[in-house]
Amino acid sequence: MAQYDVVIIGAGPGGYNCAIRCGQLGLKTAIVEGGPTLGGTCLNVGCMPSKALLHASEMFEQASKEFAHLGIEVTPKLNLKQMLAQKAESVTALTKGVEFLMKKNKVDWLKGWGVIAGPGKVRVGDETHDAKNIIIATGSEPTPLPGVTVDNKRVLDSTGALSIPEVPKSMVVIGAGIIGLELGSVWRRLGAEVTVVEFLPRITPGMDEEVAKTFQRTLTKQGMSFKLGSKVTGAKASAKGVEVTVEPVAGGAVETLKADYVLVAIGRRPYTNGLGLESVGIALDKRGFVPNDHGKTTAAGVWVVGDATTGVMLAHKAEEEGVAVAELIAGKAGHVNYGVIPSVVYSSPEVAWVGKTEDDLKVEGVAYKAGKFPFSANSRAKINHETEGFVKILADAKTDRILGAHIIGPQASEMIGEYCVAMEFSAASEDIARTCHPHPTRSEALRQAAMAVEGWAMQA
Ligand code: FAD
Ligand code: NAI
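The text that follows walks through the structure, step by step, so that each part is easy to find. Being a predicted model, the structure only gives us computed values, none of them experimental. (Residues numbered from 1 in each chain as written. Chains lettered and ligands numbered in written order. Predicted model: local features only at pLDDT ≥ 70, side-chain atom pairs only at ≥ 80, totals over all residues. Heavy atoms only, no water.)

**Here's the deal with the pairing of strand β19 (residues 351–355)**
Of all five residues in β19, four are buried; the element is thus mostly enclosed. The pairing of strand β18 (residues 343–345) with β19 spans three bridges and is antiparallel. Looking across to β19, one finds that Val-345 is bridged to Val-351. (Buried < 20%, exposed > 50% of the residue type's maximum accessible area, 1.4 Å probe, protein only. Helix = DSSP H or I, 4+ residues; strand = E, 2+ residues; numbered from the N terminus. Pairing = 2+ DSSP bridges.)

Here it is, written out as structure tokens:
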């Protein structure tokens, strides 16, 4: 049995990025993965396949509805089999890419489910390996909803909703969070009637409320229906469809919704089943997460990164933590700036944000100034006929330091990085306002919003 400096359990973005960094830093490293491919939730059944379908379905909808106005006349015909096949091809290429990166960085892939078998020991199948450091990177799984049994035939979780073999005529989505709205958008664009049932009185908790309201208006205009403040109490599946019982959270009449398919997307929970945490005395917190202090668990030599521990469940957060822990193990100053982890909904238009929302700042009692700029006043957005949405930047009232930034509009995911860099450098909104941006680009709206903080936005 080999002796390792580091054994990482789980090969998602937390685990595989940690492995790469460990390899770069000269640590003898192995990664344990129980699934048939590397890449974890993100590459296999998460970020990547969902973005593949979002891209393809957006192209389909544009060709159906928007090309004619640009003077391009086509009648697109959906080939769902091919749309799903190109998604699968991309996923395979990406997971093979991670395999290549493991080899390149001299990381051993130990195939099978890993169990911590006491301090410094990881068992995989019949073999037990010695590890100076063990890293838990076991990720998360969909949270089940009592009364609604996922069969991935008619009642789907996110994995099932990535591979429906036909376009549903109707679909009920339970949960107006990121998965529900992204995958709901995919199937709506391809022709499904989508009804989203959400427990709270608003969609996308965590998103700035003003942005969320605009977002909901846009999705409604696109044809998605919302039942807010409503809870699903049960679902009855048959070979042909599902009957979902819904009742208002505040009390009231029970309603039955009929649909071809139901997607349950009410959140994800950490996954640590059968991991042997008790062998090193690690206790989970109330919500099932492995608690950590700068990546360290309560057990000496055992670390945790990604969805298995506290914080937002995002691939780039898992990656940051993986890199930081590798550097700490190698004696470097690994660090994660949790204040600058961006979030994105890859809908159309996209929504992206980083840092504080207005509500956060109000609750914290921080005096702030807001600068806002609409894409309807941005020349690039106008010539592209994509004028929905706006940019909002929040800056400290006294120091002008950027505290949060919010974008709703096409390509928001690509533009939010500018504000992330600025915030990482503790920039003031004036630093953005005084930085020359190329014309004509959507990014000019980011600058104009920063100018608006001091009341000198020039183009609106
Ligand atoms: P995971 O990616 O979950 O990887 C954990 C791995 O550990 C898995 O491969 C699992 O098989 C393995 N494992 C578990 N236990 C063991 C064991 N005992 N032994 C061996 N192997 C084990 N995030 C974004 O940032 N952007 C997005 O666009 C995005 N889209 C998403 C879309 C969907 C539909 C879903 C479901 C999620 C999405 N996410 C997105 C979230 C993202 O996938 C997760 O935050 C990310 O994958 C977490 O990485 P991780 O390394 O912590 O865990
Ligand atoms: P989520 O936490 O984003 O949203 C779940 C929603 O379901 C919330 O609005 C919640 O109020 C609602 N809800 C909870 N219980 C309910 C009930 N009983 N009935 C009706 N509504 C209920 O979770 P989601 O969408 O499942 O995604 C899980 C995580 O995966 C996200 O939080 C995110 O971290 C990650 N993800 C990230 C993506 C991205 O970065 N683009 C894409 C997809 C997922």
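**So, the site of ligand 2**
Around ligand 2 sit 23 residues, and of these Ile-179, Glu-198, Gly-267, Met-313 and Val-344 come closest. Here an oxygen atom of ligand 2 and a backbone polar atom of Ile-178 are 3.2 Å apart. When ligand 2 is considered free in solution it has 840 Å² of accessible area, and contact with the protein chains removes 79% of it. If one sorts the elements of the shell around ligand 2 by residue count, helix α6 (residues 178–189) sits on top with four residues. Counted by class, the shell around ligand 2 contains 15 nonpolar, four polar and four charged residues. Counting the residues that make up the shell around ligand 2, at least three belong to each of domain 1 (3–142 + 269–339) and domain 2 (155–266). (Near = heavy atom within 4 Å. Polar contact = N/O pair within 3.5 Å; in protein donor to acceptor, adjacent residues only side chain to side chain. Areas by Shrake-Rupley, 256 points an atom, 1.4 Å probe, with all protein chains shown as cover. Nonpolar A, V, L, I, M, F, W, Y, C, P; charged D, E, K, R; others polar. Domains from an automatic or database assignment.)

**Side note on the site of ligand 1**
Contacts to ligand 1 come from 38 residues, most closely from Gly-14, Glu-33, Thr-41, Lys-51 and Gly-114. At 3.4 Å from a nitrogen atom of ligand 1 is found a main-chain nitrogen or oxygen belonging to Cys-47. Within the backbone of Ala-315, an N or O atom sits 2.8 Å from an oxygen atom of ligand 1. Across the complex, the protein chains shield 92% of the 1000 Å² of accessible surface that ligand 1 would expose by itself. When residues in the shell around ligand 1 are grouped by element, the largest group, four residues, is from helix α2 (residues 40–45). Split into classes, the residues belonging to the shell around ligand 1 amount to 17 nonpolar, 17 polar and four charged.

As far as function goes, none of this settles anything; it's purely spatial.
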